[in-house]
Amino acid sequence: MRLLAGLRDRLAGGSHALEVDASSVRDLLTRLVGESPDFRAAEELVFESATRDRAARDLRILVNGRSVQFLAGLDTNLQSNDTVTLHLTGARGYPGG
Amino acid sequence: MTLQGGFTGTILRVDLTRGSVEKEAIREDWAREFVGGRGIAVRYLHEEVDPQVDPLSPDNKLIFATGPLTGTNASCGARYMVITKGPLTGAVTTSNSGGRFAPELKFAGYDMILFEGRSERPVYLWIQDEIAELRDASHLWGKGVFETEDTIRRESGLPDCAVSAIGPAGENLVRYAAIVNEKYRAAGRSGVGAVMGSKNLKAIAVRGTGAVRVADPVATMRSQWAMKHELTQAPLTAEGLPAYGTLALMNVINEHGALPTRNYRDSQFENAEDISGEELAETRLAANKACFACTIACGRVSRISEEGVGRYGVSCSPRNWRHATEGPEYENAWSLGADCGISDFDAILKSNWMCNDLGMDPISLGATIAAAMELYEAGVIDESVTGIPMPFGSGEALLTMTEKAAYRDGFGDQIAEGSKIMGERLGHPEVFMGVKGQEFPAYDPRALQGMGLGYATSNRGACHLRAYTVAVEVVGEPEPMDPRAAEGKGAVTKAFQDTSTAVDATGLCLFLTFGTTLESIHPILKAVTGFDLADNELLQAGERIWNLERLWNLRAGLTAADDTLPKRMLKDAIRGGPAQGEVSRLPEMLPDYYRERGWTEEGHPTAEKLAELGLG
């Protein structure tokens, strides 16, 4: 699992990469939140709400470079050695014109 | 109609052949239709310059244009646009810069400067409020941008003046020479600096003590505060860009498999992390920096590493920065880095610093060096031609060729022509990665289909700032679109082109749109200018300007055949990474785009479209 920019400090104690056992993207994010020292902050960063049925608006999740928006969302299954990348966007409006 | 605010109402017309500087009223009848900045200047270009003109001849004109919101307290109202016919492209050129040069020009009382002709000897234009005169620049010719600016400040006795200048690259007519103000802000692309050099115009220095009049001060304050608030609420403009700058994109684009590497032969760079925004923030960032009135502050001040100082130290300007320099932007770190296979961050910083002082566009420079590296590794050229080893990954080759290009020294004379002409001369035109003579920026159009359409149809040649479909294809705003899909990209490309053109015409920075929309800019423009604008009038002005640029290009001899991509993008599939197997689907997208534009199948605006836009 690869974390970019501010997510490194906020979710992984500054690490660039983590090894995580997970069967789906939802499972992976749940484990990530569960292992975070600041559980609430991590949950707000990753999930839209406490029901955890949607990823946070500004979080982008890639599985092997492909956004899960074009796969099965949080239900996207993971295989051994898949690379999952998390990055934040945070744009509003009509970015870049 | 009398202009109520936003515009000073006065332009300077400088005839360099006669040595005259005259003030004249701006064409008020064009101000509302074309807004200002890029818009009104393109209207002047359309009126006054033969599109067939040789870009480096005295008959070409060079226009510096502010917008009605430049110099106001609207966030990011710092921009000016340089408009001319570009020597790199043969097309209309619209090259934008920030800093504080443009507000200073407004404070002195001018919306625009229009240069024509050619001076017999080097000169610079000095502006101090109502004083506007040409001064001898013989002692500045041959100097870098930094020394030129420092000398003019010292000699003028007004150290607060703002200076926009060319370096040796502009003087030597390097086809992608830039115009640089405040040492690190540049109208970078398409060779506007070469046009300035061809006119023997070294610099413009300006000090203004006035202010920008606004039609409705209360509404101006309310509307611009509302927009500032929006910028504080969008995480990207409030936190992301201040913390990492545009260089945050290096890792993001690499993870998406869209980071062009080694002259677009690969689409992921194995060492992207080493030249990323994260790496810069952790090891080299000294401060961030803002342009006039900016509330984002995406600019970087970066240190050469202690280990790198011996090899790549910079003579810092200002001196108290020691071994620090501004930048790099994502595009520059990519072109001087990944595209050349280089992961030595100090070498990239040094080359970027040299580009500012020598006055060159790092995108086209890096891309041209990358094309030469490809030919070197293929054995087409060797050291008997280049003078030095030029394998991919060589920081030494990058720095040597950065200097040689600016002075057209040895093989640098080929690099100075850009990769299209260089490739053709060496019998390998296929190494040119660009559109209309201008090199691509930092997004592989096979992995991000919309960017390919945007590059192909950009009026000024390949450009990321004219239709940043990365927004929908990577960022996912305002709605996510599949980067691999062709469907719908015609409409979104048109929408982005018209919107960004409208923003450019106001004098605001395009980065505002990472946190706000035209709907928020609209009331500021109304309040400042007093124009009773209809809801979609600003967006329609963007479309009008885009179509006028297109008409000018068609008259210059460009055709739909120029709305294309290199064979490598259309035929050669990406070899690895997330987008493996992809090619550009431009042939599917282009007809759709022309329909969305209301153009014929040959890419000509229809009579109906021109009538709708008031251009018939």
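Calculation rules
- Residues numbered from 1 in each chain as written.
- Chains lettered and ligands numbered in written order.
- Predicted model: local features only at pLDDT ≥ 70, side-chain atom pairs only at ≥ 80, totals over all residues.
- Heavy atoms only, no water.
- Helix = DSSP H or I, 4+ residues; strand = E, 2+ residues; numbered from the N terminus.
- Rg over C-alpha atoms; globule rule 2.2 N^0.38 Å.
- Contact = heavy atoms within 4.5 Å.
- Areas by Shrake-Rupley, 256 points an atom, 1.4 Å probe, with all protein chains shown as cover.
- Buried < 20%, exposed > 50% of the residue type's maximum accessible area, 1.4 Å probe, protein only.
- Pairing = 2+ DSSP bridges.
- Phe/Tyr/Trp six-rings, centres within 6.5 Å; stacked < 30°, edge-to-face > 60°.
- 1 Å grid on protein atoms, 1.4 Å probe; cavity = no way out; pocket = protein on both sides within 12 Å on 5 of 7 lines; lining within 4 Å.
- Points joined across faces, edges and corners; volume = space filled by probe spheres on them.
- Axes fitted to C-alpha atoms, helices over the stretch in contact; angles between N-to-C directions.
- Parallel < 35°, antiparallel > 145°, perpendicular 65-115°, else oblique.
- Nonpolar A, V, L, I, M, F, W, Y, C, P; charged D, E, K, R; others polar.
- Domains from an automatic or database assignment.
- Buried area = accessible area lost by both parts, 1.4 Å probe.
- Salt bridge = Lys/Arg side-chain N within 4 Å of Asp/Glu carboxyl O.
- Core = buried A, V, L, I, M, F, W, Y, C linked by side-chain atoms within 4.5 Å.
- Left-handed = near helix turned anticlockwise from the far one by under 90°.
- Expected span 1.5 Å × (residues − 1).
- Arc of directions from axis to C-beta.
- Polar contact = N/O pair within 3.5 Å; in protein donor to acceptor, adjacent residues only side chain to side chain.

**Student:** Quick question: what am I supposed to make of the overall build of chain B here?
**Tutor:** Broken down by element type, chain B carries 26 helices and 17 strands. Here the C-alpha atoms of chain B give a radius of gyration of 22 Å, agreeing with the 25 Å that 2.2 N^0.38 yields for 616 residues. Across its three principal directions, the C-alpha atoms of chain B cover 65 × 55 × 45 Å. Considering only residue pairs separated by 6 or more positions, chain B has 70% of its internal contacts joining residues 24 or more positions apart. Total accessible area computed for chain B in this model is approximately 19300 Å², and 48% of it derives from carbon and sulfur atoms.

**Student:** Mind showing me how you'd approach the pairing of strand S7 (residues 123-128) of chain B here?
**Tutor:** All names here are of chain B. Of all six residues in S7, five are buried, a share of seventy percent or more. Sheet topology note: the S7/strand S12 (residues 201-207) ladder contains six bridges and is parallel. Bridged to Gln128 within S12 is Arg207. With antiparallel pairing between neighbouring strands as the criterion, S7 and strand S8 (residues 131-136) make up a hairpin whose turn holds two residues, including Asp129 at a positive phi of roughly 50 degrees.

**Student:** Can you walk me through the environment of Asn352(B) in this structure?
**Tutor:** Relative to the assigned elements, Asn352(B) resides in helix H13 (residues 345-358). Residues Asn352(B) and Gly577(B), spaced 225 residues apart in sequence, show a C-alpha to C-alpha distance of 28 Å.

**Student:** I keep staring at the packing of aromatic side chains and nothing clicks. Help me out?
**Tutor:** A ring pair, where both rings are aromatic, is described by two values, the distance of the centres and the angle of the planes. Residues and elements named next belong to chain B. Taken as a whole and judged by the stated rule, the model has 19 aromatic pairs over all chains. On the numbers, 6.1 Å between centres and 80 degrees between planes, the contact of Tyr264 with Trp334 is edge-to-face. With a gap of 70 residues between them, Tyr264 in the loop between helix H9 (249-255) and helix H10 (277-283) and Trp334 in helix H12 (residues 330-336) connect regions that are remote in the sequence. There is no split in this pair, since Tyr264 and Trp334 are both buried. Centroid distance Tyr264 to Phe440: 5.1 Å. Interplanar angle 45 degrees. Geometry classified as tilted.

**Student:** What's the story with empty space enclosed by the protein in this structure? I'm lost.
**Tutor:** To locate leftover empty space, one rolls a probe as large as a water molecule over the atoms. All names here are of chain B. In the structure shown here, the tally under the stated rule is four cavities of 30 Å³ or more. Counted as a void, the largest cavity has a volume near 60 Å³. Around the largest cavity, the lining residues are Phe7, Arg32, Val35, Pro68, Leu525, Thr529, Phe531, Leu533, Glu537, Leu538 and Ala541. Only helix H22 (518-529) and helix H23 (537-556) provide two or more residues apiece to the lining of the largest cavity. If one sorts the elements of the lining of the largest cavity by residue count, H23 sits on top with three residues.

**Student:** Is there a simple way to explain the packing of H13(B) against helix H16 (residues 395-407) of chain B in this structure?
**Tutor:** The relative placement of two packed helices comes down to the angle between their axes together with the axis-to-axis distance. Residues and elements named next belong to chain B. At a closest axis distance of 9 Å, the pairing of H13 and H16 adopts a crossing angle of 5 degrees. Classed by the angle they form, the pair H13 and H16 counts as roughly parallel. Of the residues in H16, those touching H13 at Ala347, Ile348, Lys350, Ser351, Met354, Cys355 and Leu358 are Gly395, Leu398, Leu399, Thr402, Glu403, Ala406 and Tyr407. Grouping the amino acids of the contact of H13 with H16 by side-chain chemistry returns nine nonpolar, three polar and two charged.

**Student:** Would you take a moment to explain the domain arrangement of chain B for this structure?
**Tutor:** How large an interface is tends to be reported as the accessible area lost when its parts come together. Residue and element names in this part refer to chain B. Annotation of chain B at the domain level lists domain 1 (10-207), domain 2 (245-439) and domain 3 (449-515 + 534-612). Distance between the C-alpha centres of domain 2 and domain 3: 26 Å. Each partner contributes to the interface: domain 2 provides 26 residues, whereas domain 3 provides 28 residues. Buried area between domain 2 and domain 3, both sides added, is near 2000 Å², and the carbon and sulfur share of it is 59%. The largest per-residue losses of area from domain 2 upon contact with domain 3 belong to His256, Val435 and Lys436, which jointly make up 31% of the total buried on that side. Where domain 2 meets domain 3, there are three salt bridges.

**Student:** Honestly, the nonpolar core in this entry has me stumped. Any pointers?
**Tutor:** As a rule of thumb, soluble globular proteins bury nonpolar side chains together. All names here are of chain B. By size, the foremost hydrophobic cluster in this structure holds 152 residues, and its most contacted members are Tyr330, Met360, Met390, Ile415 and Tyr443. Per element, the largest residue contribution to this core is nine residues, and it comes from helix H14 (residues 362-377). Not counting the four nearest positions on each side in its chain, Ile415 is found in contact with Tyr176, Leu365, Thr368, Ile369, Ala372, Met401, Ala405 and Met422. The next biggest cluster of nonpolar side chains, apart from the first, holds 28 residues, and it includes Ala102, Val123, Leu125 and Ala162.

**Student:** I would appreciate a short explanation of the packing of H14(B) against H16(B) in the present structure.
**Tutor:** Residue and element names in this part refer to chain B. Axis separation between H14 and H16 bottoms out at 11 Å; the angle between their running directions is 120 degrees. Compared by their axis directions, H14 and H16 come out oblique. Between H14 and H16 lies a crossing whose hand is right-handed. Residues Leu365, Ile369 and Met373 of H14 pack against Ala397, Leu398, Met401, Thr402 and Ala405 of H16.

**Student:** Got a minute to help me understand helix H7 (residues 217-233) of chain B in this structure?
**Tutor:** Owing to its 3.6 residues per turn, the α-helix aligns residues three or four sequence positions apart on the same side. Residue and element names in this part refer to chain B. Its 17 residues give H7 an end-to-end C-alpha distance of 25 Å, which sits within 8% of 24 Å, the value for a rise of 1.5 Å per residue. Of all the residues in H7, the buried ones are Thr220, Ser223, Gln224, Met227, Lys228 and Leu231. The buried residues of H7 occupy one face: seen down the axis, they fall within an arc of 140 degrees. Every exposed residue of H7 that faces more than 90 degrees away from the buried side is listed here: Arg222 and Trp225.

**Student:** Quick question: what am I supposed to make of the side chain of Ser223(B) here?
**Tutor:** All names here are of chain B. On the secondary structure map, Ser223 appears in helix H7. The exposure class of Ser223 is buried, given its relative accessible area of 10%. Within the structure, Ser223 has its side chain in polar contact with the backbone oxygen of Thr220 (distance 3.2 Å). Excluding residues within four positions of it along the chain, Ser223 makes contact with Pro523, Ile524 and Ala527.

**Student:** In this structure, what is going on with the sheet that holds strand S1 (residues 10-15) of chain B? I would like to understand it.
**Tutor:** By definition, the strands of a sheet pair up through backbone hydrogen bonds, in either a parallel or an antiparallel sense. All names here are of chain B. Taken in spatial order, the six strands of this open sheet run S2-S1-S6-S3-S4-S5, and their pairing is mixed. Strands with a single pairing partner mark the edges of an open sheet, and in this sheet they are strand S2 (20-25) and strand S5 (92-97). In this sheet, adjacent strand axes meet at a mean angle of 20 degrees when their direction is disregarded. In this structure, strand S3 (residues 62-66) lies alongside strand S6 (residues 112-116), joined through four bridges in antiparallel fashion. Directly across from Phe64, in S6, lies its bridge partner Ile113. Across the sheet, helix H2 (residues 37-48) is in contact with S1, S2, S3, strand S4 (80-85), S5 and S6; its angle to S4 comes to roughly 20 degrees.

**Student:** Help me understand the layout of surface pockets in this model?
**Tutor:** Residues and elements named next belong to chain A. Considered as a void within the structure, the second largest pocket measures approximately 400 Å³ in volume. Surrounding the second largest pocket, 19 residues form its lining, Arg54, Ala55, Ala56, Arg60 and Gln69 being those nearest its centre. No other element matches strand S2 (residues 59-63), which puts three residues into the lining of the second largest pocket. The residue makeup of the lining of the second largest pocket, split by class, is eight nonpolar, four polar and seven charged.

**Student:** Please clarify how the sheet that holds S8(B) should be interpreted in this entry.
**Tutor:** Residues and elements named next belong to chain B. Read from one edge of the open sheet, six strands run S8-S7-S12-S9-S10-S11, paired in mixed fashion. Each of the sheet's edge strands pairs with one partner strand only, and the pair in question is S8 and strand S11 (185-187). In this sheet, adjacent strand axes meet at a mean angle of 20 degrees when their direction is disregarded. Here strand S10 (residues 179-181) runs beside S11; their pairing, made up of three bridges, is antiparallel. Within S11, the position partnered with Val180 by the bridge is Ala186.

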